[in-house]
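# Survey of secondary and tertiary structure
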Amino acid sequence: MTLNPAPRIGIIGTGAIGGFYGLLLARAGFDVHFLLRSEYPAVAANGLQLNSQVHGALHLQPVQAYRHAEDMPACDWLLVGAKTTANAELAPLINQAAAPGARVVLLQNGLGVETALRPLLDDGLHLLGGLCYICVHRSAPGVIEHQALGAINLAYHSGPAEDDEARRSLVDEGAELFRKAGLDSQAMAKLEQTRWQKLVWNVPYNGLSVLLDADTKAMMGNPSSRALIRDLMLEVVQAAQALGHDMPENYADKLLAATERMPDYLPSMYYDFAQRRPAELQAIYATPLAAAAAAGQDMPKVRALYQALQFLQARQEA
């Protein structure tokens, strides 16, 4: 796969995810531009710091950082690392920062996020989903803590690409960007199926970390919570299958085993609740529940977890 010459990359939402991938792409020699909000002064002054148990301590300074999208140069690739709860307000910024025919990649969790954003984007932009398999969080403005993993898989959602070959070429081009930055990245044929596969992990661990006030080690170490995690996983697997999506054999048990090998981790939703930010309940719970119901598949334990999280979020907002 040959990349287009010197693609310019923009990061929309320089939090843990956007900062991690943007920093590694910049260190690989790509022209990367970072859009920030409250953290702009810290990053402009001190750069981006990555403390990684995989890549070591890395520092990017100076950073091509911006407060406003209109100040950024037109970018060929835009990686959206902000939460799904901010997509509606981010859409005008994406349109401003995008070069004609730019590729917009949503580095986000959940289901239906591309479908919700698509009507807000310019018709000439390509929209891709980016599935990040990573343990990472932000510990301070401009400081990112990376515990494990980092693979990112891409799939095409919509845009002006006219046929499967053109769409596959664009996805391959994106995956090659990340591989050149030293990351595992694969082009995936079916975006929705890939998102359902990631939900099998995200649904139990994100919500239960909040409800139980526990990290992955604590949840996996208790027989009752581990059994609940597996039950939730199986409900998501069965819903995906009811919708016609293939799931790997014994997928829930494979994910449980993989989680046991991971370092201790607090998922992103835990930090959202701890810092009183809006959580991604729509994308991770409401949309999958509605899709499963439309296929005649009930997820009672997932629904109960969602209802409990709704209560906690409403209490925070009161």
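A brief report on the enclosed structure follows. (Residues numbered from 1 in each chain as written. Predicted model: local features only at pLDDT ≥ 70, side-chain atom pairs only at ≥ 80, totals over all residues. Heavy atoms only, no water.)

### As for the overall build of the chain
Basically, it comes down to this: Secondary structure elements follow DSSP: runs of H or I no shorter than four residues count as helices, runs of E no shorter than two count as strands, and numbering proceeds from the N terminus. Computation of the radius of gyration draws on C-alpha atoms alone. For the globule rule, the value is 2.2 Å times the number of residues to the power 0.38. Accessibility here uses a 1.4 Å probe with only protein chains present; expressed as a share of the type maximum, an area under 20% marks a residue as buried, one over 50% as exposed, and anything in between as partly exposed. The criterion used for residue contact is that any of the two residues' heavy atoms lie within 4.5 Å. Calculation of accessible area relied on Shrake-Rupley with a 1.4 Å probe; when residues are assessed, cover is drawn exclusively from the protein chains displayed. Residues scored as charged are limited to Lys and Arg (positive) and Asp and Glu (negative), so that His and the chain ends carry no count. A single reference atom marks each charge: NZ on Lys, CZ on Arg, CG on Asp, CD on Glu.
The number of helices and strands found in the chain is 12 helices and 10 strands. Computed over C-alpha atoms, the radius of gyration of the chain comes to 19 Å, within 12% of the 20 Å expected from 2.2 N^0.38 for 318 residues, which places it in the range of a compact globule. Out of the 318 residues in the chain, the part that is buried amounts to 54%. Here the contacts in the chain between residues at least 6 apart in sequence split such that 70% fall between residues at least 24 apart. Total accessible area on the chain stands at roughly 13,500 Å², and carbon and sulfur atoms take up 50% of it. Here the chain holds 25 positive side-chain charges and 32 negative ones, and the gap between their average locations is 4 Å.

### Quick look at the packing of helix α8 (residues 223-242) against helix α9 (residues 251-261)
Working note: a packed helix pair is described by the angle between its axes plus the distance between those axes. Put simply, the test is: Fitted lines through C-alpha atoms give the axes, limited to the stretch in contact for helices. The angle between two N-to-C directions lies from 0 to 180 degrees. Working rule for angles: under 35 degrees goes down as roughly parallel, over 145 as roughly antiparallel, 65 to 115 as roughly perpendicular, anything else as oblique. The sense of a crossing depends on the near helix, which, turned anticlockwise from the far helix by less than a right angle, makes the crossing left-handed and, turned clockwise, makes it right-handed. The nonpolar class holds Ala, Val, Leu, Ile, Met, Phe, Trp, Tyr, Cys and Pro. Asp, Glu, Lys and Arg form the charged class, and all remaining residues, Gly among them, are polar.
Following both chains from N to C, one finds α8 and α9 inclined at 135°, their axes separated by 9 Å at the closest point. As far as their axial angle goes, α9 and α8 are oblique. Crossing geometry of α8 relative to α9 is assigned as right-handed. Across the interface between the two elements, Arg 226, Ile 229, Arg 230, Met 233, Leu 234 and Val 237 from α8 touch Tyr 251, Ala 252, Asp 253, Leu 255, Leu 256 and Glu 260 from α9. Split by residue class, the contact of α8 with α9 holds eight nonpolar, no polar and four charged.

### Comments concerning the pattern of salt bridges
Defined as follows: One side-chain nitrogen of Lys or Arg within 4 Å of one carboxyl oxygen of Asp or Glu is enough to make a salt bridge.
For the structure on display, the rule yields 15 salt bridges. A salt bridge links Arg 138 to Glu 39, with the nearest nitrogen and oxygen atoms 2.9 Å apart. Of this pair, Arg 138 sits in strand β8 (residues 126-140) while Glu 39 sits in the loop between β2 (31-35) and α2 (40-46), and the two are 99 residues apart along the sequence. Taking relative accessible area as the criterion, Arg 138 reaches 34% and is therefore assigned partly exposed.

### Structural notes on the environment of Leu 312
Along the chain, the position of Leu 312 falls in helix α12 (residues 300-317). Given the relative accessible area of 18%, Leu 312 is considered buried. Taking the C-alpha atoms as reference points, Leu 312 and Leu 211, 101 residues apart in sequence, are found 8.5 Å from one another. Sequence-distant contacts of Leu 312, that is, excluding residues within four places in its chain, are made with Val 210, Leu 211 and Phe 273.

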